[in-house]
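If you want the building blocks of each chain, they are given just below.
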Amino acid sequence: MTDLRPLFAAAGANDLPCEDAAWPGRPMVLRSARPRICTPDTPVLFVHHGMGRNGDDYRDYWLDLVDEADLVVIAPEFPAAGFPGSAWYNFGNRTNAEGGPNPPAVWTYLLPGRLFAALRGQGLTRRTRYGLFGHSAGGQYVHRLLSLGLREAVAAAVTANAGTYALPDPAIPFPYGLGETGLGEAELRALLAFPMTIMAGTADVDATTPNFPREPAAMAQGGTRHARAHRYFKAATAQAARLGQPCAWRLIDVPDVAHDGARMSAAAAPVLAAALHTA
């Protein structure tokens, strides 16, 4: 992993072009929002952009939030040229062009964990766990990586206004459920015990926009993003009841907010700050 010190070079916005050995020839950009006071004990939050691949915007949404939240934000940007379409981003590069399985070593879901390990290895953080926030396609990315068990060092996570979900149902094939992933009941129990927060803007109900997923498996989850978030949470509570265990997930409706990454970031900031400062 590249030298990550430039992400901490100055308070405010910092940018670092990089390339990970897992995806050679596919450059990325890491964008950070560093609070004015930042030490190796400052909690780390990875923020994941939407289908616009606009990591700069998503980093900028947090520039006015990081000082009060006392967090350092790193927004990885996956350019569409190197990481095209939902297959590479929302769905984590789990399958190849022929639809066969890719080895886990090349899943793009691994990036936050790899970055955090590099931050620790380079002495830039002493924290042992980190946070995740994703909005829209980034919300898809975040909840699916958690669903596949990549939670070892994740202290808190928010998935916001996702277009589709991997329902916690082994009868529905991935990426719309957990079927065909090899995950069993023990893994499902562990997922439902993880404190994931689902955030849904109550005004995120426009189903006419070009990026709204309309494939049959998506429409089966509901007619709007807001409805799909509630369907996802309902599926989790039903599975937890079936298994006879509590569901650690929570659903937060954000009043009067539509498909707005800036306003959803502001709503998520105090939730994540509270969780990460007690992790």
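The structure we're discussing is the one just above.
Residues numbered from 1 in each chain as written. Predicted model: local features only at pLDDT ≥ 70, side-chain atom pairs only at ≥ 80, totals over all residues. Heavy atoms only, no water.

Re the sheet that holds strand β1 (residues 12-18)
Spatially, eight strands are ordered β1-β2-β4-β3-β5-β6-β7-β8 in an open sheet, and the strand pairing comes out mixed. Strand pairing shows two members of the sheet lacking a second neighbour, β1 and β8 (250-254), which therefore form its edges. Neighbour-to-neighbour, the strand axes of this sheet turn through a mean angle of 20 degrees, independent of strand direction. Where strand β2 (residues 28-34) lies against strand β4 (residues 72-77), five bridges are found, and the strand directions are antiparallel. Pairing of A33 across the sheet is with V73, part of β4. Contacts from helix α4 (residues 111-121) reach β2, β3 (44-48), β4 and β5 (130-135) within the one sheet, and its direction differs from that of β3 by about 150 degrees. Each of β7 (196-201) and β8 is contacted by helix α8 (residues 225-243), which is oriented at about 155 degrees to β7, the strand it contacts most. (Pairing = 2+ DSSP bridges. Helix = DSSP H or I, 4+ residues; strand = E, 2+ residues; numbered from the N terminus. Axes fitted to C-alpha atoms, helices over the stretch in contact; angles between N-to-C directions. Contact = heavy atoms within 4.5 Å.)

Some words on the pattern of salt bridges
Throughout the structure, instances matching the rule amount to ten salt bridges. A salt bridge links D20 to R114; the nearest nitrogen and oxygen atoms lie 2.6 Å apart. One end of the pair, D20, is in the loop between β1 and β2; the other, R114, is in helix α4, with 94 residues separating them in the sequence. Between R59 and D60 there is a salt bridge, and its shortest N-O distance comes to 2.7 Å. Taking relative accessible area as the criterion, R59 reaches 5% and is therefore assigned buried. Residue D60 is classed as partly exposed on the basis of its relative accessible area, which comes to 37%. Via salt bridges that share partners, D15, R31, R59, D60 and E77 belong to a single interconnected network. (Salt bridge = Lys/Arg side-chain N within 4 Å of Asp/Glu carboxyl O. Buried < 20%, exposed > 50% of the residue type's maximum accessible area, 1.4 Å probe, protein only.)

As for the nonpolar core
Grouped together as the largest cluster of nonpolar side chains are 58 residues, with contacts concentrated most on L4, F46, L119, L132 and L146. Looking at which element gives the most residues to this core, the answer is α8, with six residues. Among residues more than four places away in sequence, those in contact with L119 are L4, F8, V44, F46, I74, L124 and T125. Within the second largest apolar cluster, 26 residues are counted, among which are W62, A69, A155 and M199. (Core = buried A, V, L, I, M, F, W, Y, C linked by side-chain atoms within 4.5 Å.)

Observations concerning the packing of aromatic side chains
Aromatic ring pairs are defined here through the distance separating the ring centres and the angle between the ring planes. Using the criterion set out here, one finds 14 aromatic pairs in the structure. Consider the rings of F46 and Y130, whose centres lie 5.3 Å apart with planes at 85 degrees: the pair is edge-to-face. Pair noted here: F46 is in strand β3 and Y130 is in strand β5, with a separation of 84 residues, a long-range link. When its relative accessible area of 4% is taken as the criterion, Y130 is described as buried. With a centroid separation of 5.1 Å and an interplanar angle of 85 degrees, the aromatic rings of F78 and F83 are classed as edge-to-face. Neither F78 nor F83 differs from the other in exposure class; each is buried. An aromatic cluster is built from W23, F78, F83, W88, Y89, Y109 and Y141, whose rings are joined through pairwise contacts. Of note, R94 hangs over the ring of F174, and the distance from its end group to the ring centre comes to 4.5 Å. (Phe/Tyr/Trp six-rings, centres within 6.5 Å; stacked < 30°, edge-to-face > 60°. Lys NZ or Arg CZ within 6 Å of the ring centre and 35° of its normal.)

Overview of helix α9 (residues 261-277)
When the terminal C-alpha atoms of α9 are compared, their 23 Å separation across 17 residues agrees well with the 24 Å that a helix rising 1.5 Å per residue should span. Along α9, the helix axis deviates most sharply at A268, where the bend reaches about 35 degrees; the proline P270 sits within four residues downstream. Along α9, the positions that sit buried rather than exposed are G261, M264, S265, A268, A269, V271, L272, A273 and L276. Two to three positions downstream of the cap, the backbone nitrogen of A262 sits 3.1 Å from a side-chain oxygen, assigning the N-cap of α9 to D260. (Expected span 1.5 Å × (residues − 1). Bend = angle between axes of the 7 residues up to and from the residue. Polar contact = N/O pair within 3.5 Å; in protein donor to acceptor, adjacent residues only side chain to side chain.)

Section: the environment of L272
In this structure, L272 sits in helix α9. Take L272: its relative accessible area is 1%, and that puts it in the buried class. Taking the C-alpha atoms as reference, L272 lies 7.6 Å from V158; in sequence the two are 114 residues apart. In contact with L272, not counting residues within four places along its chain, are L45, W62, L132, F133, A156, A157 and V158.

What about the pairing of β2?
Burial analysis of β2 places seven of its seven residues in the buried class, which makes it a mostly covered element. Burial along β2 is two-sided: the face carrying M28, L30, S32 and R34 and the face carrying V29, R31 and A33 are both buried.

Examining the environment of G99
With respect to the helices and strands, G99 occurs in the loop between α3 (85-88) and α4. In this structure G99 comes out as exposed when scored by relative accessible area, which is 53%. C-alpha of G99 to C-alpha of A87: the two residues are twelve residues apart in sequence and 9.9 Å apart in space.

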